[in-house]
Amino acid sequence: MKSKAYLIGGGIGTLAAAAFLIRDGGFAGEDICLLEAASSLGGSLDGSGNPERGYSLRGGRMFTFDNYECTWDLFKSIPSIHRPSKSVFEETVDFNERHKSNSQARLVDAQRAKVPVASMGFSMQDRVELLELAGTSEVELADSRITDWLSPEFFHTEFWAMWATTFAFQPWHSAVEFKRYLHRFMMEFPRIETLGGVRRTVYNQYDSMVLPLQRWLEERGVRFINGCTVTDIDYKFEGAKFTVTAIDCHFHERFEHIEVQGDDIVILQNGSMTDASSVGSIQSAPTKLGKADSRAWALWEKLAAVNPDFGNPSAFNSSIAESSWESFTVTLKNPEFIERMVDFSGNEPGTGGLVTFTDSNWLMSIVIPFQPYFANQPADVQVFWGYALFPDRVGNYVAKPMADCNGEEILTELCGHLRFDRTTTTGANCIPCYMPYITSMFMPRVKTDRPLPVPDSSKNLAFVSQFVEIPDDVVFTVEYSVRAAQMAVYKLLGIEKTVPPILRHDKSLQTQLDVLVKAMR
Ligand SMILES: Cc1cc2nc3c(=O)[nH]c(=O)nc-3n(C[C@H](O)[C@H](O)[C@H](O)COP(=O)(O)OP(=O)(O)OC[C@H]3O[C@@H](n4cnc5c(N)ncnc54)[C@H](O)[C@@H]3O)c2cc1C
């Protein structure tokens, strides 16, 4: 009997796993079944709406061509929907040739002045501490926080303002993850003020990545079951090997029990950064959800309780105050706001990237992407995205924490920072999205808190998510989930091909230090 693959969760990680099973593992699409709790696929890479209801997405993504080795390896095999003769990778390369990132207004201060950013603002002490952190081993860094290594002054540098808002780091996050970013994105140091290395997809990532991949999988017969929440996994130990024997799920008001046979494999998304996220509207703030509303943590916790090889979710999900922030999507039917932004920033849509208001209590940033941002977006509608790292603080122009604000109030705060009349957003729809676990994967942790993509003690269960251990790679990226998928599939199936290695941009410590010192001039 042919073996089957059950994929639990429908984020980019498992979609990639399905593609690797077919492309590299010789699986037939019809032998792959994906169970997803939400009504659509893509997980955190969501994007939906129309001009009437307003568009909404939890996040817009930055990529590079210097990294993302597994992501582009995958998307070289997936045809674009809008240019079928090109792969998604080729389409993305062409797009970025035409629309280069060159931010002219990366940081904006309380006077609405563009902050000069070429110098990064480091003192000698900051340099020494940063180099020390970059050179310390992960074993030694263990579960320490960034603040354990860098002095308070460091967090007032222009470098930190740009780094923290580009990658969503907080001072209390994991020193190991921070160090990994320093190494993995070393080449971004000299160009972080212009975001010159950032690459983007043609549309939002749901339209430009999820839909083409979903279609490629559908054409090959993969079965997607949406609205299906997996509640438990039955198992036995074969010797010391954990072996999944059945999957229990809740589907359309019914409980289902799926038997997992001898050679079948199961790939689970343990944990999700957008778990328990909630959207509000132009008139209402998002409802605050938490652990009780989670789908992914509960399942991972059950498994971790029976096998120490399966990690420790509590390292990541125990402090919403340290892992939450809020984003918002604005739909405009009046070009004035974007025109004013182009005048002010000096960037046409799609060329500027993040604009961060450094003195904003919420630490608010916005991005004006290339238009149209959604495939179904009419020419007279514009969409942009923003986020804030401190939604629990009272605003500068709205006397409320962002988390209690509706879309209208968020626009008031934004126009206040920009000194734009509120009429520039007349008729705009702003949809906020609160994400309690958005930076949960940056929480301090030790190595064993995350399972390997295929733990040594597992026979047929793999983990694919932001919460697995992959040496040297960095979380909060699409790449991490795709790399986990490729590693998991190759290991489970014994595929002899090599997973694309992480390209080294930090060839030797000396080179790293040279680059750092040069960038810190
Ligand atoms: C605001 C924001 C900005 C970002 N910016 C960037 C960026 O600039 N660059 C970049 O590379 N990456 C960025 N990312 C990160 C990137 O989007 C994620 O790392 C990636 O999408 C995670 O994919 P995943 O498949 O691992 O998990 P997810 O997308 O979280 O998918 C998990 C899926 O599993 C489902 N699920 C969970 N539990 C169950 C269950 N019990 N039963 C059934 N289904 C279940 C969930 O519903 C979900 O669909 C950003 C993310 C966000 C949210």
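Everything in this summary refers to the structure shown in the same document.

Thresholds, definitions, all that
In every chain, residue numbers begin from 1 and rise along the written sequence. In keeping with the model being predicted, local features are shown solely for residues with a pLDDT of at least 70 and side-chain atom pairs are shown and tallied solely at 80 or more, while totals for entire chains, interfaces and linings include all residues. Neither water nor hydrogens contribute to the side-chain values; these are computed over all heavy atoms in the structure. Residues form patches when they are more than 30% accessible in relative terms and have no salt bridge. Like charges link within 9 Å. Nonpolar side chains (Val, Leu, Ile, Met, Phe, Trp, Tyr) link within 5 Å. Only the protein chains shown count as cover for residues, and all accessible areas are computed by the Shrake-Rupley method using a 1.4 Å probe. Salt bridges are defined as contacts in which a side-chain nitrogen from Lys or Arg sits within 4 Å of a carboxyl oxygen from Asp or Glu. In this tally, Lys and Arg are treated as positive and Asp and Glu as negative; His is ignored, and so are the chain termini. Think of each charge as sitting on NZ of Lys, CZ of Arg, CG of Asp or CD of Glu. Only runs of H or I of at least four residues qualify as helices and only runs of E of at least two qualify as strands under DSSP, and these elements are numbered from the N terminus. When a residue's accessible area, from a 1.4 Å probe over protein chains only, is under 20% of the maximum for its type it is buried; when over 50% it is exposed; and in between it is partly exposed. The nearness test applies per residue and asks whether one of its heavy atoms lies within 4 Å of the molecule or strand. In the analysis that follows, any N or O atom pair within 3.5 Å is treated as a polar contact, provided that within protein one partner can donate a hydrogen and the other can accept it, and provided that, for residues neighboring in sequence, both atoms belong to side chains. Should any heavy atoms of two residues lie within 4.5 Å, those residues are considered in contact.

**Some thoughts on a negative patch on the surface**
On the surface, Glu336, Glu339, Asp343 and Asp421 cluster together to form a negatively charged patch. Along the polypeptide, Asp343 turns up in helix α12 (residues 336–345). According to the relative accessible area criterion, Asp343 is exposed, its value standing at 66%.

**Focus on the site of the ligand**
Not every one of the 37 residues close to the ligand is listed here, only the nearest: Glu36, Arg61, Tyr68, Ser272 and Ser481. One of the backbone nitrogen or oxygen atoms of Ala37 is found 3.2 Å away from a nitrogen atom of the ligand. Taking Tyr68, its side chain carries an N or O atom lying 2.6 Å from an oxygen atom of the ligand. When the ligand sits alone it has 1,000 Å² of accessible area, and the protein chains cover 95% of it. Elements represented by at least two residues in the shell around the ligand include exactly α1 (12–23), β2 (32–36), β7 (228–238), α9 (296–306) and α14 (478–493).

**Focus on the environment of Lys76**
With respect to the helices, strands and loops of the structure, Lys76 is situated in the loop between α2 (69–75) and α3 (88–98). Along the primary structure Lys76 and Phe169 are separated by 93 residues, whereas in three dimensions their C-alpha atoms are 31 Å apart. Other than its neighbours up to four places away in sequence, Lys76 contacts Ser87 and Phe89.

**Regarding a nonpolar patch on the surface**
On the surface, a nonpolar cluster with roughly 240 Å² of combined accessible area is contributed by Tyr235, Phe237 and Val306. By secondary structure assignment, the location of Val306 is in helix α9. Here Val306 falls in the partly exposed class, since its relative accessible area comes to 32%.

**Some remarks on the environment of Ile338**
Along the chain, the position of Ile338 falls in helix α12. For Ile338, a relative accessible area of 7% corresponds to the buried category. Apart from the residues within four sequence positions on either side, Ile338 is in contact with Leu332, Pro349, Ile368, Gln382 and Phe384.

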